[in-house]
Amino acid sequence: MAEKKCLFDRLVYTDKSGISEFYVVEEATGARIAARGYLHEMKVGMRLLLEGVTPPGDDGFVSYESAHTVIGTEEEAVLTLSCAERVSEKIARSIVQELGADVYSYLDYPDIFKKLLSVPGVGAYKADAVIRFLETQVSSNDDYVWLMGKGFCYTSAMQLIREHGRGTKDAVLAEPYESLYKRRADFYLCDSVARENGEDIWSERRVHAIMQTVLEENTEEGNTRICMKEFVKRCVKTSLWNGGTAVPDEIVSLYAYDWPACEVEIVDGEEWVYPKRLKQAEDSIASDIGRLCQSAVRLRLPEPEDYTRIEKQTGITYNAEQRGAFRMFADGGLVILTGDPGTGKTTTVDGLIRYFLEVRPDAEILLCAPTGRAASRISKIQSKEKGSA
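Residues numbered from 1 in each chain as written. Predicted model: local features only at pLDDT ≥ 70, side-chain atom pairs only at ≥ 80, totals over all residues. Heavy atoms only, no water.

**Remarks on the sheet that holds strand β7 (residues 226–227)**
Read across the sheet, three strands follow the order β7-β9-β8 without closing on themselves; strand pairing throughout is antiparallel. For this open sheet the edge positions go to β7 and β8 (262–267), each flanked by a neighbour on one side alone. Relative to strand β9 (residues 270–275), β7 runs antiparallel, the two being bridged by two bridges. Within β9, the position partnered with Ile226 by the bridge is Val273. (Pairing = 2+ DSSP bridges. Helix = DSSP H or I, 4+ residues; strand = E, 2+ residues; numbered from the N terminus.)

**Regarding the pattern of salt bridges**
Enumeration over the complete set of coordinates arrives at 30 salt bridges. Linking Arg36 and Glu21 is a salt bridge whose minimum nitrogen-to-oxygen distance equals 3.0 Å. You can see Arg36 sitting in strand β3 (residues 32–37) and its partner Glu21 sitting in strand β2 (residues 20–26), a full 15 residues away along the chain. A salt bridge links Arg93 to Glu74, with the shortest nitrogen-to-oxygen separation between them at 3.9 Å. (Salt bridge = Lys/Arg side-chain N within 4 Å of Asp/Glu carboxyl O.)

**Some thoughts on the nonpolar core**
Residues Leu147, Phe152, Met211, Phe231 and Val273 are the most contacted members of the largest nonpolar core, which totals 39 residues. Per element, the largest residue contribution to this core is six residues, and it comes from helix α10 (residues 204–220). In this structure, Leu81, Ala92, Leu107 and Val122 belong to the second largest nonpolar core, which totals 24 residues. (Core = buried A, V, L, I, M, F, W, Y, C linked by side-chain atoms within 4.5 Å. Buried < 20%, exposed > 50% of the residue type's maximum accessible area, 1.4 Å probe, protein only.)

**Some details on the pairing of β9**
Pairing of β8 with β9, which is carried by six bridges, proceeds in the antiparallel orientation. Across the sheet, residue Glu263 finds its bridge partner in β9, namely Tyr274.

**Quick word on the confidence of the model for the chain**
Low-pLDDT portions of the prediction should not be read for the details of their coordinates. Mean pLDDT over the chain works out to 87, with 95% of the residues at or above the 70 mark. Scored below 50 in pLDDT, residues 383–387 makes nine contacts in the model with residues more than four places away or belonging to other chains. (pLDDT = per-residue confidence, 0-100. Contact = heavy atoms within 4.5 Å.)

**Notes on helix α5 (residues 141–150)**
Residues of α5 that are buried include every one of Asn141, Asp143, Tyr144, Trp146 and Leu147, and no others. Taken from the residues just after α5, Gly151 is the one with a positive phi, measuring 110°.

**What about a nonpolar patch on the surface?**
Among the surface-exposed residues, Ile285, Ile289, Leu292, Leu334 and Ile336 lie close enough to one another that they form a single nonpolar patch of about 440 Å² accessible area. By relative accessible area, Leu292 is classed as partly exposed at 37%. (Patch = residues over 30% accessible without salt bridge, like charges linked within 9 Å, V, L, I, M, F, W, Y side chains within 5 Å. Areas by Shrake-Rupley, 256 points an atom, 1.4 Å probe, with all protein chains shown as cover.)

**Considering the packing of aromatic side chains**
Taken as a whole and judged by the stated rule, the model has 11 aromatic pairs. Geometrically, the ring pair formed by Phe22 and Tyr64 is edge-to-face, given 6.2 Å between the ring centres and 65° between the ring planes. Residue Phe22 is located in strand β2, and its partner Tyr64 is located in the loop between β4 (47–53) and β5 (66–69); the two are separated by 42 residues in the primary sequence. Here Phe187 and Tyr188 contribute two aromatic rings whose centre-to-centre distance is 5.4 Å and whose plane-to-plane angle is 75°, an arrangement assigned as edge-to-face. Using a relative accessible area of 28% as the deciding quantity, one classes Tyr188 as partly exposed. What links up through ring pairs into an aromatic cluster is the set Tyr177, Phe187, Tyr188 and Trp241. Looking at Arg36, its charged tip hangs above the ring of Phe61, at a distance of 4.3 Å from the centre. Positioned above the aromatic ring of Tyr274, the side-chain terminus of Lys279 is 5.4 Å from the ring centre. (Phe/Tyr/Trp six-rings, centres within 6.5 Å; stacked < 30°, edge-to-face > 60°. Lys NZ or Arg CZ within 6 Å of the ring centre and 35° of its normal.)

In structure tokens, the structure reads:
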């Protein structure tokens, strides 16, 4: 296999998996070459270095292991390196003057980190930033094909390659469950990669990934918590998705108490497991409801003549439940009206507003709705004098 310096000529086709067929012109010979592979940046006239190029196949296309743009001048090299995090143009120029303008060749140095540290003004953080940036600029065909072969979708594969560059495969194998937490793959894909790489079936990170999966599935079912017995049962079942030995109940229970991403609470003698973020959200909502109830503005209870007057204004005759809403509203605090479409929630709110303004005519009222359609519906039942939606 060889390397070829080329000019990008024309894109022919990119399939759903992200593999492209394109033409390049070899700089040395002027020959037009048909190539097939992953290339994350394509501009006509762009100079490319294709590495690990194989001879043409029966269809006339060559393949390659990786590709990156070719830096032609010192100024191009400086501009390229200054794109790395916290690397100024001055620092980039010092690096180029010390190590040369072929910045992508830096990745081939076995001691590149040490060489970068020898440049004045470059510390460990900037050296690492330069290496990580250069790695993300290399289109690694092997890594891409490996990801797609494992079952990663195109979008997830692109995100991983942009983040890790040509070290993508090594990064995924080192932290196989990271894609689960970043929502790039489900547990079953991550676990298959981990198990093929020798992951211990009882490892802490595998058990955490199983727990994360069960909690997410429970949340998708509309729940904010799950009882410990059911949680353990589902975790054990998930651990057996591809055969093998089940994770013991005791390990799941122990990790549930120790893992920062979840919280266990005992309610009426029963253990309940919450995702930490949902538990915090629930506690915050409960606190807000308590605050609203304590800061209630109480009104005088409505008399029969109040109902009669408001019913005449609105053209509505309120039933017993709707009249009960008036009494709860007058008592202050937080009132929640529920009911199917057409049961009179909106017309009841209209009557409540009228009653409130009769008792407190100087009050300002704000009506809120989660959608534009709902806000439009609310605006039709209140006049400009009542407030705004």
